[in-house]
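Fold and contact review
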Amino acid sequence: MMSSHSEQGEENSRGFSFDDELKSLDGENLYKLVQNLIRKNPEVHRLVLEWFKEKAEASSVAEEVATLNDELLMEYWEKAEYIISEFNEYGGGPEDEEAEAYEWLNEISELIEAGNISSDAKLEFFDCAFVEYDKENSGFDDALKDIFFAMCETKEEWEYLVAKLAKRPSDWRKKLIMRIQKNYLCNETAYLDMRMENLHYGMDYWDLVEFYLNKGDLQKGLETAEEGILKGEGRLTELFQFLFEHFAEERDTANIERIVRVALIRESEEKVMLDRLFEYYKTEGNYEKAKEAQLKAYEIMRYGNYYAEYTKLKAFLRDADWKLIEPKIFNEIKEKDICDYLRICLDKSMKEAVLHTILNPPEYQWGMKNKFDKFAAKLEEDFPEKIIEYYWQNAYRNIPRGDRKTYRIAAGYLAKVKHIYINMLKDESRWEKRFSDLKVEFKNRPAFLDEVREL
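These numbers come from a predicted model, not from an experiment.

1. Some remarks on the packing of helix α7 (residues 119–133) against helix α9 (residues 155–166)
- Where α7 meets α9, the closest approach of the two axes is 11 Å, and the angle between their N-to-C directions is 15 degrees. In terms of their interaxial angle, α7 and α9 are classed as roughly parallel. Relative to α9, α7 is oriented so that their crossing is right-handed. In this structure, α7 uses S119, K122, L123, F126, D127, F130 and Y133 to contact α9, whose residues at the interface are E156, E157, Y160, L161, K164 and L165.
- Among the residues forming the contact of α7 with α9, the class breakdown is seven nonpolar, one polar and five charged.

2. Some remarks on the packing of helix α23 (residues 384–396) against helix α24 (residues 404–424)
- α24 packs onto α23 with a crossing angle of 160 degrees between their chain directions and a minimal axis gap of 8 Å. Overall, the two elements α23 and α24 adopt an arrangement that is roughly antiparallel. Crossing of α23 over α24 shows left-handed handedness. Note on element contacts: α24 touches α23 through A410, Y413, L414, K416, V417, I420 and Y421, opposite P384, I387, I388, Y391, W392, N394 and A395.

3. Digging into the packing of aromatic side chains
- Within this structure, the stated rule accounts for 28 aromatic pairs.
- Centroid distance Y310 to W322: 5.0 Å. Interplanar angle 70 degrees. Geometry classified as edge-to-face. Taken as a pair, Y310 in helix α18 (residues 306–316) and W322 in helix α19 (residues 319–336) lie far apart in primary sequence, twelve residues in all.
- Among the residues examined, Y310 registers a relative accessible area of 6% and is labelled buried.
- Summarising the aromatic geometry, the rings of W431 and F435 are spaced 4.7 Å apart at their centres and angled 10 degrees between planes, so their arrangement reads as stacked. With W431 and F435 both in helix α25 (residues 428–441), this residue pair falls four residues apart, about one helical turn. Assigned by exposure class, W431 and F435 land together as buried.
- A network of ring pairs unites the aromatic residues W77, F125, F126, F130, Y133, F148 and Y160 as a single cluster.
- In this structure, R179 is placed above the aromatic ring of F149, and the distance from its NZ or CZ to the ring centre is 4.4 Å.
- Cation over ring: K348 sits above F330, and NZ or CZ is 5.0 Å from the ring centre.

4. Description of the environment of E97
- Its place among the elements puts E97 in helix α6 (residues 95–114).
- Sequence spacing of E97 and I83 is 14 residues, and the spatial spacing of their C-alpha atoms is 6.7 Å.
- In contact with E97, other than residues within four places in its own chain, are I83, E86 and F87.

5. What about the nonpolar core?
- By size, the foremost hydrophobic cluster in this structure holds 78 residues, and its most contacted members are I358, I387, L414 and F448.
- With eight residues, α24 is the largest single contributor of residues to this core.
- Non-local contacts of I358, meaning those with residues more than four positions away in its chain, are made with L342, F372, F375, A376, L379, I387 and Y390.

6. Side note on the environment of L222
- The topology assignment puts L222 in helix α13 (residues 218–231).
- Assessed through its relative accessible area of 11%, L222 is described here as buried.
- Considered as a pair, L222 and L239 are 17 residues apart in the sequence and their alpha carbons are 9.1 Å apart.
- Apart from the residues lying within four places of it in its own chain, the contact partners of L222 are F242, L243 and H246.

7. Things to note about the pattern of salt bridges
- Inspection of the entire model under this criterion finds 34 salt bridges.
- The salt bridge partner of K155 is E159, with a shortest N-O separation of 3.9 Å. Here K155 and its partner E159 are both found in helix α9, four residues apart, which amounts to about one turn of the helix.
- When the shortest N-O distance is used, the salt bridge between R404 and E451 registers 2.7 Å. Here R404, found in helix α24, pairs with E451, found in helix α26 (residues 446–451); they are 47 residues apart in sequence, far enough to count as distant.
- Look at R404 and you get partly exposed, because its relative accessible area is 36%.
- If you follow the salt bridges from partner to partner, you end up with R404, R408, D450, E451 and R453 in one network.

8. As for the environment of R266
- Tracing the backbone through its elements, the reader meets R266 in helix α15 (residues 253–266).
- Take R266: its relative accessible area is 31%, and that puts it in the partly exposed class.
- Contact partners of R266, with chain neighbours within four places excluded, come to G228, I229, L230, K231, G232 and L236.
- Here the side chain of R266 touches I229 through a polar contact of 2.9 Å, landing on its backbone oxygen.
- Reaching out from R266, the side chain makes a polar contact with the backbone oxygen of G232 at a distance of 2.7 Å.

9. With respect to the confidence of the model for the protein chain
- With 84% of its residues at a pLDDT of 70 or more, the protein chain shows a mean pLDDT of 89.
- Low pLDDT, under 50, characterises residues 6–12; the predicted model gives this stretch zero contacts beyond four residues in sequence or across chains.

10. Here we look at the side chain of D427
- Counting through the fold element by element, D427 comes out in the loop between α24 and α25.
- Take D427: its relative accessible area is 18%, and that puts it in the buried class.
- Within polar-contact distance, the side chain of D427 engages the side chain of S429 at 3.0 Å.
- At 3.4 Å, the side chain of D427 forms a polar contact with the backbone nitrogen of R430.
- In contact with D427, other than residues within four places in its own chain, are Y421 and I422.

11. Examining unusual backbone geometry
- Phi at C186 is positive, roughly 50 degrees, even though this residue is not glycine.
- Even without a glycine there, the phi angle at S349 is positive, about 60 degrees.
- Mapping S349 onto the fold places it in the loop between α20 (338–347) and α21 (351–359).
- Residue classification places S349 among the exposed residues on the basis of a relative accessible area of 60%.

Reading the values: rules and limits
- Residues numbered from 1 in each chain as written.
- Predicted model: local features only at pLDDT ≥ 70, side-chain atom pairs only at ≥ 80, totals over all residues.
- Heavy atoms only, no water.
- Axes fitted to C-alpha atoms, helices over the stretch in contact; angles between N-to-C directions.
- Helix = DSSP H or I, 4+ residues; strand = E, 2+ residues; numbered from the N terminus.
- Parallel < 35°, antiparallel > 145°, perpendicular 65-115°, else oblique.
- Left-handed = near helix turned anticlockwise from the far one by under 90°.
- Contact = heavy atoms within 4.5 Å.
- Nonpolar A, V, L, I, M, F, W, Y, C, P; charged D, E, K, R; others polar.
- Phe/Tyr/Trp six-rings, centres within 6.5 Å; stacked < 30°, edge-to-face > 60°.
- Buried < 20%, exposed > 50% of the residue type's maximum accessible area, 1.4 Å probe, protein only.
- Lys NZ or Arg CZ within 6 Å of the ring centre and 35° of its normal.
- Core = buried A, V, L, I, M, F, W, Y, C linked by side-chain atoms within 4.5 Å.
- Salt bridge = Lys/Arg side-chain N within 4 Å of Asp/Glu carboxyl O.
- Polar contact = N/O pair within 3.5 Å; in protein donor to acceptor, adjacent residues only side chain to side chain.
- pLDDT = per-residue confidence, 0-100.

Put into structure tokens, the structure is as follows:
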């Protein structure tokens, strides 16, 4: 009986074949099936479109591919738009949703890269996407802007994008429009009209300088740069560099000195310009002027690599000049940057001064203690006992009220203590005694004992 039931079950199971049923569906029923699936799960619509696209690409049917790309463009945007709209409303959102939105935007980017999107679909996309882009609160603005620029190919498309950007004018959007007029529409008149009305920052002037230089109009470029270093706000780096390099090539000392004075008056690029002036005079063989520029560059330093500046001065100045000013510079660097001061001390073989400083760090040099380890390492051979105490104290202060992170730091210092005791002082017994006492003192800190178990 069991055998009979089993055979009957096998016959019944063979009565329905999924593949056979699908193959047997006529066009009308197949259409009903797909529509039913789409109603129940809208994701099916996208999957079907992608299937048709793969099929069309395999058949090299260009017109059909373009139509499918248009459909997929809006399908992908609908997925991204839902998330971006929420982010605009709340000023952000969950990271997983952000990642999902970027995935859909990336799908759009890949469609653009592959080409074959109709101009009508692009303009429709602009209409839809600018609804969210104009809200400027989602955090996706840069990604959308990149898509807009990648999507445009024809004059009509670029002009449509310009019109969209111009509806909500801002400094940033004006820059985008000028970029389009200059680089993509090649409308010099429109670019210049807008640019001349928007010369505020140094980079605005530099943008115009580059425009003139690309046209081969050096004189206009120089005039614009000159105006920019006098009137421009913010970053003036490129303007000063351009003018200096031009005048240096012309060996025009008077104009070089003039623009350096402008930099000093405007307190912009002062150090860089004085460094350039020093190199210029040095190349010209004018020692006194080079010395003056170099000392001025040091004097206006507000922060930076004082050690490198000290070394540079020492290398260039004549012995008599260096002996005269070195003590003052040395003491000033001690106040400005203790680590650069210690580097200089090591160069001068002032090891005891270095030792005294790292064992008694000045209070005003906050946050420097952990930067003294590299100096301690250089003093191990000369002052092993003192450096042991330096490392020991740094280890100890990381144990009470500590955690795994501070215990690992302590273990690192203790390893250095062990190295000096055993390899330099040849006194393993002192290490064993001291380390054993430390473990007894902190016997109730199993995490600490675990971190130092291999010492």
